[in-house]
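Survey of secondary and tertiary structure
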Amino acid sequence: MENLLEYFGVLSGLLYLFLEIRQHRAMWIVGFLTSLTYVFVFFFSKIYADMGLHIYYTAISVYGFRQWTGSRNRMGNEAPASRQEEIIYDRLTPRLLASVLSAIAALFMLLYTALRHFTDSPIPAGDAFTTAVGIVATWMLARRFIEHWIFWIIVNFVSAYLYCRRGLYPTLFLYICYAILAAIGLYTWKRKGIKKK
């Protein structure tokens, strides 16, 4: 059963990233299902912070869907097809970047302390790091900050290493794909994107 869940998570995760690169709002629905699946996969593997992160992903998928649906409605239902194909993004200001990095540091310390002292997690530092960055990067995606891709490239490679250590080889493969596709996503948003005014 655990292996079936993991394979389902891998397939739906790849579909999610494909939809994310294209900025298709259905990504939030697929992301909801992927995240819910990984709540159970990580629980069985004792990767507790990532399990909590996927509970967060499940909730923020609803928020992201509402955000993206609302922005499309604000553009108008009669928008021409070319307008609907545009990739619209925003950029972090230096001040907002400092806030993002501070939030990651605070979340890391909180999670690391909890994992080290209150769980039997075999990888508390790595689990805390990937979870802290993932929380913030998902918020950045919901707000369409292009820099979220850079955070995902880093966290996906770190996650791949952690999943290799835990013997989650299909998920290791997924996160290597995530890292590569995140680089493609960054390139695509830069090349085809239009900065939000």
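Per chain, residues are indexed from 1 in the order of the written sequence. Predicted model: local features are reported for residues with pLDDT of at least 70 only, side-chain atom pairs are reported and counted for 80 or more only, and whole-chain, interface and lining totals are derived from all residues. Side-chain descriptors were evaluated using all non-hydrogen atoms of the structure, hydrogens and water having been removed beforehand.

Describing the overall build of the protein
Secondary structure elements are defined from DSSP: runs of H or I of at least 4 residues count as helices, runs of E of at least 2 residues count as strands, and each element is numbered from the N terminus. Across its full length, the protein holds eight helices and two strands. Each helix and strand of the protein, ordered N terminal to C terminal, gives the series α-α-α-α-β-α-α-α-α-β. Every radius of gyration here is taken over C-alpha atoms, with the globule rule written as 2.2 Å times N^0.38, N being the number of residues. Taking 16 Å as the expected radius of gyration for a compact globule of 197 residues, we find that the protein reaches 17 Å, a close match to that expectation. Across its three principal directions, the C-alpha atoms of the protein cover 55 × 40 × 25 Å. Across the 197 residues that make up the protein, the buried fraction comes to 48%. Every residue pair with non-hydrogen atoms within 4.5 Å of one another is taken to be in contact. Contacts spanning at least 24 positions in sequence make up 75% of the contacts within the protein whose residues lie at least 6 apart. In the form shown here, the protein has an accessible surface area of approximately 10500 Å², with 66% of it arising from carbon and sulfur atoms. The cut-offs for exposure are 20% and 50% of the maximum accessible area for each residue type, with area from a 1.4 Å probe on protein chains only; residues under the lower value are buried, those over the upper are exposed, and the others partly exposed. Calculation of accessible area relied on Shrake-Rupley with a 1.4 Å probe; when residues are assessed, cover is drawn exclusively from the protein chains displayed.

Topic: the pattern of salt bridges
When a carboxyl oxygen of Asp or Glu lies within 4 Å of a side-chain nitrogen of Lys or Arg, that pair is called a salt bridge. Considering all chains together, one arrives at three salt bridges under this definition. The partner of Lys-195 in a salt bridge is Asp-90, and the shortest N-O contact between them spans 3.6 Å. In this pair, Lys-195 sits in strand 2 (residues 193-195) while Asp-90 sits in the loop between strand 1 (87-89) and helix 5 (94-118), placing the two residues 105 residues apart along the sequence. Put simply, Glu-147 and Arg-91 hold a salt bridge, and the shortest N to O gap is 3.3 Å.

Concerning empty space enclosed by the protein
Cavity means a closed set of points on a 1 Å grid over the protein atoms alone, one where a 1.4 Å probe fits but cannot get out, pocket means an open set with protein on both sides within 12 Å along at least 5 of 7 lines, and lining means a residue has an atom within 4 Å of a point. Grid points are joined across faces, edges and corners, and a volume is the space filled by probe spheres set on the points. Within the structure shown, the criterion is met by one cavity of 30 Å³ or more. If you go around the largest cavity, you meet 25 residues; those closest to its centre are Tyr-16, Tyr-57, Trp-152, Tyr-175 and Tyr-178. Those elements that provide at least two residues to the lining of the largest cavity are helix 1 (2-21), helix 2 (27-44), helix 3 (48-75), helix 6 (124-142), helix 7 (148-165) and helix 8 (169-192). Broken down by element, the lining of the largest cavity gets its largest block of residues, six residues, from helix 3.

Examining the side chain of Thr-58
Residue placement: Thr-58 occurs in helix 3. For Thr-58, the contacting residues outside a window of four places in its chain are Phe-32, Ser-35 and Leu-36.

Structural notes on the nonpolar core
For our purposes a nonpolar core is just a set of buried Ala, Val, Leu, Ile, Met, Phe, Trp, Tyr and Cys residues, chained together by side-chain atoms within 4.5 Å. Membership of the largest hydrophobic core comes to 49 residues, with the highest contact counts inside it found for Phe-42 and Trp-149. Counting only elements with at least two residues in this core, the list comes to helix 1, helix 2, helix 3, strand 1, helix 5, helix 6, helix 7 and helix 8. For this core, the element with the most residues is helix 6, which contributes eight residues. In this structure, Trp-149 is in contact with Leu-17, Glu-20, Ile-21, Leu-181, Ala-182, Gly-185, Leu-186 and Trp-189, ignoring residues within four places of it in sequence.

Some points on unusual backbone geometry
One non-glycine residue, Lys-46, adopts positive backbone phi at about 65°. Mapped onto the fold, Lys-46 is located in the loop between helix 2 and helix 3. At Arg-144, a residue that is not glycine, the phi angle is positive and equals roughly 65°. Examined against the element boundaries, Arg-144 turns out to sit in the loop between helix 6 and helix 7.

A word on the side chain of Ser-35
Within the element layout of this structure, Ser-35 appears in helix 2. Overall, the relative accessible area of 6% leaves Ser-35 in the buried class.

Focus: a nonpolar patch on the surface
Together, Phe-8, Ile-29, Phe-32, Leu-33, Leu-36, Phe-40, Phe-43, Phe-44 and Val-62 line one region of the surface with nonpolar side chains, adding up to about 810 Å² of accessible area. Top element by residues in the nonpolar patch is helix 2. It accounts for seven residues. Here Phe-32 is to be found in helix 2. Each patch is built from salt-bridge-free residues with over 30% relative accessible area, joining like charges within 9 Å and nonpolar side chains (Val, Leu, Ile, Met, Phe, Trp, Tyr) within 5 Å.

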